[in-house]
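Close look at the chain arrangement
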Amino acid sequence: MAKAYDHLFKLLLIGDSGVGKTCLIIRFAEDSFNSTYISTIGIDFKIRTVDIEGKKIKLQVWDTAGQERFKTITTAYYRGAMGIILVYDITDEKSFENIQNWMKSIKENASAGVERLLLGNKCDMEAKRKVRKEQATKLAQEHGIRFFETSAKSSVNVDEAFSCLARDILLKSGGRRSGNGSKTPGTQLKTGDKRNASKCSLG
Ligand SMILES: Nc1nc2c(ncn2[C@@H]2O[C@H](COP(=O)(O)OP(=O)(O)OP(=O)(O)O)[C@@H](O)[C@H]2O)c(=O)[nH]1
Ligand SMILES: [Mg+2]
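What you see is a predicted model, and the numbers here were worked out from it, not measured in a lab. (Residues numbered from 1 in each chain as written. Chains lettered and ligands numbered in written order. Predicted model: local features only at pLDDT ≥ 70, side-chain atom pairs only at ≥ 80, totals over all residues.)

Before going further, it helps to spend a moment on the overall build of the protein. The helix and strand inventory of the protein stands at seven helices and six strands. In the protein, the succession of α and β elements from N to C terminus is β-α-β-β-α-β-α-α-β-α-β-α-α. Taken over 203 residues, the protein has a buried fraction of 40%. A sequence separation of at least 24 residues applies to 75% of the contacts in the protein between residues at least 6 apart. (Helix = DSSP H or I, 4+ residues; strand = E, 2+ residues; numbered from the N terminus. Buried ≥ 20, exposed ≤ 12 C-beta atoms within 10 Å, placed from the backbone. Contact = placed C-beta atoms within 7 Å.)

Okay, the site of ligand 1 next. By nearness alone, 21 residues border ligand 1, and Gly 20, Thr 22, Tyr 37, Thr 40 and Gly 66 come closest of all. At three residues, helix α1 (residues 21-30) tops the list of elements feeding residues into the shell around ligand 1. (Near = placed C-beta within 6 Å.)

Over its 16 residues, helix α6 (residues 158-173) extends 23 Å from the first C-alpha to the last, a length consistent with the 22 Å expected when each residue adds 1.5 Å. Looking only at α6, the buried set comprises Val 158, Glu 160, Ala 161, Phe 162, Ser 163, Cys 164, Leu 165, Ala 166, Arg 167, Asp 168 and Ile 169. (Expected span 1.5 Å × (residues − 1).)

What follows is about the pairing of strand β3 (residues 55-64). Side chains on a regular strand alternate between the two faces of the sheet. Taken together, the seven bridges between strand β1 (residues 7-14) and β3 define a ladder with parallel strand orientation. When the bridges of β3 are listed, Leu 12 appears paired with Trp 62. Pairing of strand β2 (residues 43-52) with β3 involves ten bridges; the strand directions are antiparallel. Bridge pairing links Arg 48 to Leu 59 in β3. The hairpin turn running from β2 into β3, its antiparallel successor, is two residues long, and Glu 53 in that turn takes a positive phi close to 50°. (Pairing = 2+ DSSP bridges.)

Core analysis: the largest hydrophobic core is formed by 50 residues, its most contacted members being Leu 11, Ala 81, Ile 84 and Leu 118. Counting residues per element, this core draws most heavily on α6, which supplies seven residues. (Core = buried A, V, L, I, M, F, W, Y, C linked by C-beta atoms within 7 Å.)

Taken as a whole, helix α5 (residues 133-143) has its buried residues at Ala 136, Leu 139 and Ala 140. Axial view of α5: buried residues confined to an arc of 100°, hence all on one face. Seen from the buried face of α5, the exposed residues on the opposite side, beyond 90 degrees, are Glu 134, Lys 138 and Glu 142. Of the surrounding elements, those touching the buried residues of α5 are α3 (93-97), α4 (99-109), β5 (115-121) and β6 (146-149). Following α5 by one or two positions, Gly 144 adopts a phi angle in the positive range, close to 65°. (Arc of directions from axis to C-beta.)

Pasting the structure below:
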């Protein structure tokens, strides 16, 4: 019998409470959206298998509670993650400012070579925007990571973001190891522009 998948990648979503982590995962795994807000308690996960570069990649996506009181539980899951998605809400400036703290938390709790990705969610709410795209692009460049604006509600860039991260992990595991987890030159300035997004579309 053919193997169900070639690789299993564990991904983790972090970010302030209410930014839309759970909705992004539900959009990605089940292609649905619910506007009722049920704050995540502790930790949860969903699975979706995708095709990337001819490989079947099983993505186990861990959803963490953004509320401070769950921090001890959620940070225990950082270590096992191969990719971490940092999420803020484009209509909530505080959630963007806090990305620095979430970055710090990754540094303290995750494995050194973990792939990171920045998402500005709720981009369907343009009229309520508080965080300019350029601010986030700059922050992502400073950290040498990709950035996308997404909407779990309108299904914008969700598949693209997850597949880009999976693709980066796949490429990294396929021989371009840098040993200490630092990025090789040339992969530093990665932003989620249209060109990048189309390159990362799912097969
Ligand atoms: N307009 C809009 N609303 C969204 C979007 N994504 C999530 N929401 C809404 O934002 C609220 C919070 O979404 P959740 O996905 O539960 O947020 P969370 O980050 O998982 O929050 P915690 O579990 O508390 O950490 C819900 O009412 C969602 O319906 C989006 O892309 N656009
Ligand atoms: Mg949640």
